Amino acid sequence: MKQPTDRPSRIKNISGSRIRLARIEFKPPLTQDQLSGRLAADGIQLDRVAITKIEIGTRGVMDFELKGIARALKTDVNWLLDLSGSTDQISGNPKRKESQ
């Protein structure tokens, strides 16, 4: 039988919290199932459980998945990676891409 360890769990991505924020701030807000459906329409297979794991940082996210998530949430990959520093000045919401 495995013994529990005192080892802290390692975060496996840096974008999970921003993905969750963008999903919740989406107008109207998206459920994880709805995001999964949008991704499936784009050819990316991530179920609700995988999205949960990404958002809480226990699953890594592949580059092509991150691009698809950004498209589905109409936000910038750099914002999801916390690279651009782009936020809505008033509310701190993710900077949305203009209509494509």
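What comes next is a walk through the structure. (Residues numbered from 1 in each chain as written. Predicted model: local features only at pLDDT ≥ 70, side-chain atom pairs only at ≥ 80, totals over all residues. Heavy atoms only, no water.)

**A short note on the packing of aromatic side chains**
With the rule as written, the count across this model stands at zero aromatic pairs. Sitting above the plane of the Trp-79 ring, Arg-18 keeps its charged end 4.2 Å from the centroid. (Phe/Tyr/Trp six-rings, centres within 6.5 Å; stacked < 30°, edge-to-face > 60°. Lys NZ or Arg CZ within 6 Å of the ring centre and 35° of its normal.)

**Considerations on helix 1 (residues 16-25)**
Where helix 1 is concerned, the buried positions are Gly-16, Arg-18, Ile-19, Ala-22 and Arg-23. Along the axis of helix 1, the buried positions cluster into a sector of 165 degrees, meaning they face one direction only. (Buried < 20%, exposed > 50% of the residue type's maximum accessible area, 1.4 Å probe, protein only. Helix = DSSP H or I, 4+ residues; strand = E, 2+ residues; numbered from the N terminus. Arc of directions from axis to C-beta.)

**A word on unusual backbone geometry**
In this structure, Pro-28 follows Lys-27 across a cis peptide bond, with omega equal to -10 degrees. Along the chain, Pro-28 falls in the loop between helix 1 and helix 2 (32-41). Of note in this structure, Lys-74 is not a glycine but carries a positive phi near 55 degrees. With respect to the secondary-structure elements, Lys-74 resides in the loop between helix 4 (63-73) and helix 5 (77-80). A relative accessible area of 43% places Lys-74 in the partly exposed class. Although it is not a glycine, Asp-82 sits at a positive phi angle of roughly 60 degrees. By the secondary structure assignment, Asp-82 is in the segment after helix 5. Given the relative accessible area of 47%, Asp-82 is considered partly exposed.

**Notes on the environment of Leu-39**
With respect to the helices and strands, Leu-39 occurs in helix 2. You can call Leu-39 buried: its relative accessible area is 0%. Not counting the four nearest positions on each side in its chain, Leu-39 is found in contact with Ile-44, Leu-46, Ile-51, Gly-68, Ile-69 and Ala-72. (Contact = heavy atoms within 4.5 Å.)

**Looking at the packing of helix 1 against helix 4**
Orientation of helix 1 relative to helix 4, taken along the N-to-C sense of each, is 20 degrees, at an axis distance of 10 Å. Between helix 1 and helix 4, the crossing angle belongs to the class labelled roughly parallel. Of the two elements, helix 1 crosses helix 4, and the hand of that crossing is left-handed. Contact with helix 1, carried on its side by Ile-19, Ala-22 and Arg-23, involves Leu-66, Ile-69 and Leu-73 of helix 4 and no other residues of that element. (Axes fitted to C-alpha atoms, helices over the stretch in contact; angles between N-to-C directions. Parallel < 35°, antiparallel > 145°, perpendicular 65-115°, else oblique. Left-handed = near helix turned anticlockwise from the far one by under 90°.)

**Things to note about the packing of helix 2 against helix 3 (residues 48-56)**
Closest axis-to-axis distance for the helix 2/helix 3 pair is 9 Å, and the angle between their directions is 110 degrees. Between helix 2 and helix 3, the angle is such that the two are roughly perpendicular. Together, Gln-32, Asp-33, Leu-35, Ser-36 and Leu-39 of helix 2 and Arg-48, Ile-51, Thr-52 and Glu-55 of helix 3 make up the contact between the two elements. Here the contact of helix 2 with helix 3 is built from residues that sort into three nonpolar, three polar and three charged. (Nonpolar A, V, L, I, M, F, W, Y, C, P; charged D, E, K, R; others polar.)

**Some thoughts on the side chain of Asn-13**
Tracing the backbone shows Asn-13 in the segment before helix 1. Among the residues examined, Asn-13 registers a relative accessible area of 11% and is labelled buried. One polar contact links the side chain of Asn-13 to the main-chain amide nitrogen of Gly-16, over a distance of 2.7 Å. For Asn-13, the side chain forms a polar contact with the main-chain oxygen of Ile-54, separated by 2.9 Å. Other than its neighbours up to four places away in sequence, Asn-13 contacts Ile-54, Gly-57, Arg-59, Gly-60 and Val-61. (Polar contact = N/O pair within 3.5 Å; in protein donor to acceptor, adjacent residues only side chain to side chain.)

Any functional reading would require information beyond the geometric quantities listed.
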